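Next come the chains, spelled out residue by residue.
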Amino acid sequence: MKEIALPQGEEARKKKAHSLRIKRKFTNGAVFVFAIIAIACLIGLLVTAIMLQTGEREQARDTLLYILTGAFAGGAVLFALAAFGLGVLAQRVQASELDYLERMCGMDCFYVGDGTVAQFCEKELYIRSESPDKKAKIHIPYKEIVFHSVCTRKKPREKGKWSVVIEVPSHYVLKRSGAPKAFIETDGKERLYRILQARGLELLGERPPREGEKRPDTHYPATTKLLLPDEQKRRRNLLIIGVSALLVVAGVLIAVFWREMTLLGAILSVLGAVFIARASAGYVQAKGMLALGKAGLYWKESGNAAAERFFLKWEVIERVRYETIQDRRYIVVQCAFGAFHLPDIAGAYEAIDAARPGICA
């Protein structure tokens, strides 16, 4: 991420922040618009493809449909690629804006929540609002804080998102009692690592890559895989597939036997085909997976790409135990920076113990 220079003067800095906010909103809006156009082109492509197979054969009509088919196909690909590229750009713009706003608060400030920053002072950590008008602060002495270096990995590979998890006594940040400690997370940045080093604060856990350092993106194969089918999601997707198939049949019959409503029949068939494709993908993805290998443990929840998934190296796992929550038993993977809950898959506890002897409590 390229650091945006801070202009001299408060007014100039506010104008730059306003400019960055507009740029972020524009790129996010452009992603949405281009994605909608790509979907519309895809629907148009399916409709014209069906219309080519139905209705009376006329040269002028067929020529127009062929032109529309090519135009929709090209538009779907072009706008989909544009939406993807703009999505990547939008993430970079947002990261640059947040980093700029952090440095506006102070070079020793880092976001730990929405509108909340952690400021690394000489002897204490301040948790405060980013707004200078709000004077309320939480003062936490460094001697009561533990800093953890964490790499959040969504796949069984070396690459991931680095962060620093700040472990503090819970009474500083939580109004309710019970939990002995609380965890606050902020993005791992070279600026933060330099401040920790300058303050003489120890950073536990995996050593993060420093500025200019490159590491190979190693992939970690699995030796054992355990699946947990989600029967409720599968039944729901089967029902959608059945109803959508009836929609496709109805659309074809309308297009063939009711010539005046050919376009309506084509649209119904396209919608049915889209629902079938989505439900089929949902049926296939309706299963959780626990994978174990020499390097660590990987869990993928039932669902699409947005479903919970994480990879933990054995080195960061302290112990694995059972825990009952609301009459349901879970496998708890305990790390120094927090706990991860897995469903009690048959044979999973024994498989984890076999893969890493002595780690199960």
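Description of the structure in this document. (Residues numbered from 1 in each chain as written. Predicted model: local features only at pLDDT ≥ 70, side-chain atom pairs only at ≥ 80, totals over all residues. Heavy atoms only, no water.)

1. As for the sheet that holds strand 13 (residues 317–325)
Inclusion rule: Between any two strands, pairing holds if DSSP finds at least two bridges. Only DSSP runs of H or I covering at least 4 residues are called helices, and only runs of E covering at least 2 are called strands; the numbering of each starts at the N terminus. Note on definitions: angles span 0 to 180 degrees between N-to-C directions of axes, and those axes are lines fitted to C-alpha atoms, for helices only across the stretch in contact. Contacts are residue-level and defined by heavy atoms, with any inter-residue pair within 4.5 Å sufficient.
With antiparallel pairing, the 3 strands of this open sheet are ordered in space as 13-14-15. Looking at which strands have only one partner, the edges of the open sheet turn out to be strand 13 and strand 15 (338–343). Each adjacent strand pair in this sheet contributes to an overall mean axis angle of 30°, direction not counted. Across 6 bridges, strand 14 (residues 328–335) lies against strand 15 in antiparallel orientation. Counted as the bridge partner of Val 333 is Phe 340 from strand 15. Packing against the sheet, helix 6 (residues 348–355) makes contact with strand 13 and strand 14, and its axis sits at approximately 170° to strand 13.

2. Considerations on a nonpolar patch on the surface
For clarity, the cut-off: Patches in this entry comprise residues that are over 30% relatively accessible and not in a salt bridge; like charges within 9 Å are linked, as are nonpolar side chains (Val, Leu, Ile, Met, Phe, Trp, Tyr) within 5 Å. To measure how exposed things are, a 1.4 Å probe is used in the Shrake-Rupley method; for residues, cover is taken only from the protein chains shown. Salt bridges are counted wherever a side-chain nitrogen of Lys or Arg sits within 4 Å of a carboxyl oxygen of Asp or Glu.
A cluster of nonpolar side chains, Leu 42, Leu 46, Ile 240, Ile 267, Leu 271, Val 274 and Phe 275, forms an exposed patch at the surface whose accessible area comes to about 520 Å². Elements with a minimum of two residues in the nonpolar patch: helix 1 (10–53) and helix 5 (262–285). The element best represented in the nonpolar patch is helix 5, accounting for 4 residues.

3. Some words on the sheet that holds strand 11 (residues 296–300)
Hydrogen bonding along the main chain pairs the strands of a sheet, whether they run parallel or antiparallel. The antiparallel open sheet is built from 4 strands, whose spatial order is 9-10-11-12. With one partner strand each, in any of the chains shown, strand 9 (224–229) and strand 12 (309–313) form the two edges of the open sheet. Taking each pair of neighbouring strands and ignoring which way they run, the sheet shows an average axis angle of 10°. Bridge analysis of strand 10 (residues 287–292) against strand 11 gives 4 bridges, and the strand direction is antiparallel. Looking across to strand 11, one finds that Met 289 is bridged to Lys 300. The strands that helix 6 touches are strand 9, strand 10 and strand 11; relative to strand 10, the one it contacts most, it runs at about 20°.

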